[in-house]
Amino acid sequence: MADGAIAAGQGPERPGNQQSGQQQQGGGNKLFATIARMALMWWVMSYFKGNKQATPSPAGAAAPLYRKGDMLDMYVYVSEQSYLQRDSAELVWSQTDVGLATTPERTVTYTYTPSQVISWFVGLLVQRCSHAGCSMC
């Protein structure tokens, strides 16, 4: 072989060969960068989530106020006001010493006659809801 001859496979590097080598290296760099981003995001999210160990709640925080068999006084009021005020509401039914979840079922019937204002408002709602596409019905 002459000195000027180039053996097969050992020729001068072409620009295409350099790009493929850079792409292969770039692919590894992209993979590393992606993994690094994922690890960073996991760390940030776990930092903001905080410690997820269950902390015991104080005793009685989730416990019911009353136990089965506790004696209660029951009052039922009727009022046309948006907020109930006992002095302006009508007492409909009351019972003292009602055992919670131990007293037999009771049935009381009460007929309520609304005032003129309430009757007018209900009539207005009925008229408004009488069409087929009403979302209030």
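This write-up is about the structure you can find in this document. Numbers given to residues run from 1 along each chain, matching the order in which its sequence is written. With pLDDT at 70 or above as the cut-off, local features in this predicted model cover only qualifying residues; side-chain atom pairs require 80 or more to be listed or tallied, and sums for whole chains, interfaces and linings still use all residues. Heavy atoms throughout the structure, all of them, feed into the side-chain values; hydrogens and water do not.

**Looking at the overall build of the protein chain**
The condition is simple: Only DSSP runs of H or I with at least four residues qualify as helices, and only runs of E with at least two residues qualify as strands; both kinds are numbered from the N terminus onward. Partly exposed residues are those whose accessible area sits between 20% and 50% of the maximum for their type, while under 20% is buried and over 50% is exposed, using a 1.4 Å probe and protein chains only. Only heavy atoms enter the contact rule, under which two residues are in contact if any of them lie within 4.5 Å. All accessible-area figures derive from a Shrake-Rupley calculation using a 1.4 Å probe, and residue coverage is judged against the displayed protein chains alone.
In terms of regular secondary structure, the protein chain is built from 2 helices and 2 strands. Along the chain direction, N to C, the helices and strands of the protein chain fall in the order α-β-β-α. Relative to its full complement of 137 residues, the protein chain shows a buried share of 4%. Sequence separation of at least 24 residues holds for 40% of the intrachain contacts in the protein chain that already meet a minimum separation of 6. When the accessible area of the protein chain is evaluated, it comes to approximately 12,800 Å², of which 56% is carbon and sulfur surface.

**Concerning unusual backbone geometry**
Positioned with a positive phi, Asp-97 is a non-glycine residue whose angle comes to about 55 degrees. If you trace the backbone, Asp-97 turns up in strand S2 (residues 90-99). The residue Ala-101 is not glycine, and still its phi comes out positive at about 65 degrees. Following the sequence through the fold, Ala-101 ends up in the loop between S2 and helix H2 (116-128).

**Looking at the packing of aromatic side chains**
Rule in force here: Pairing of aromatic rings covers Phe, Tyr and Trp, the last through its six-membered ring, and needs centres within 6.5 Å; plane angles under 30 degrees mean stacked, over 60 mean edge-to-face, and all others mean tilted.
Under the criterion given, the structure shown has 2 aromatic pairs. Taking 5.8 Å as the distance between ring centres and 20 degrees as the angle between the ring planes, the aromatic pair formed by Trp-43 and Tyr-47 counts as stacked. Taken as a pair, Trp-43 and Tyr-47 lie in helix H1 (residues 15-49) at a separation of 4 residues, close to a single helical turn. Between Tyr-47 and Phe-48 the ring centres are 5.4 Å apart and the planes differ by 75 degrees, which places this aromatic pair in the edge-to-face class. Tyr-47 gets classed as exposed once you look at its relative accessible area, which sits at 56%. Each residue in the set Trp-43, Tyr-47 and Phe-48 is aromatic and connected to the rest through ring pairs, giving one cluster.

**As for a nonpolar patch on the surface**
Counted only if it meets this: Only residues whose relative accessible area exceeds 30% and that form no salt bridge are eligible for patches; like-charged ones are grouped when within 9 Å, while nonpolar side chains (Val, Leu, Ile, Met, Phe, Trp, Tyr) are grouped when within 5 Å. By salt bridge we mean one thing: a side-chain nitrogen of Lys or Arg within 4 Å of a carboxyl oxygen of Asp or Glu.
Taken together, Leu-40, Trp-42, Trp-43, Tyr-47 and Phe-48 make up a surface patch of nonpolar side chains, about 720 Å² in accessible area. Note on placement: Trp-42 falls in helix H1. For Trp-42, a relative accessible area of 60% puts it in the exposed group.

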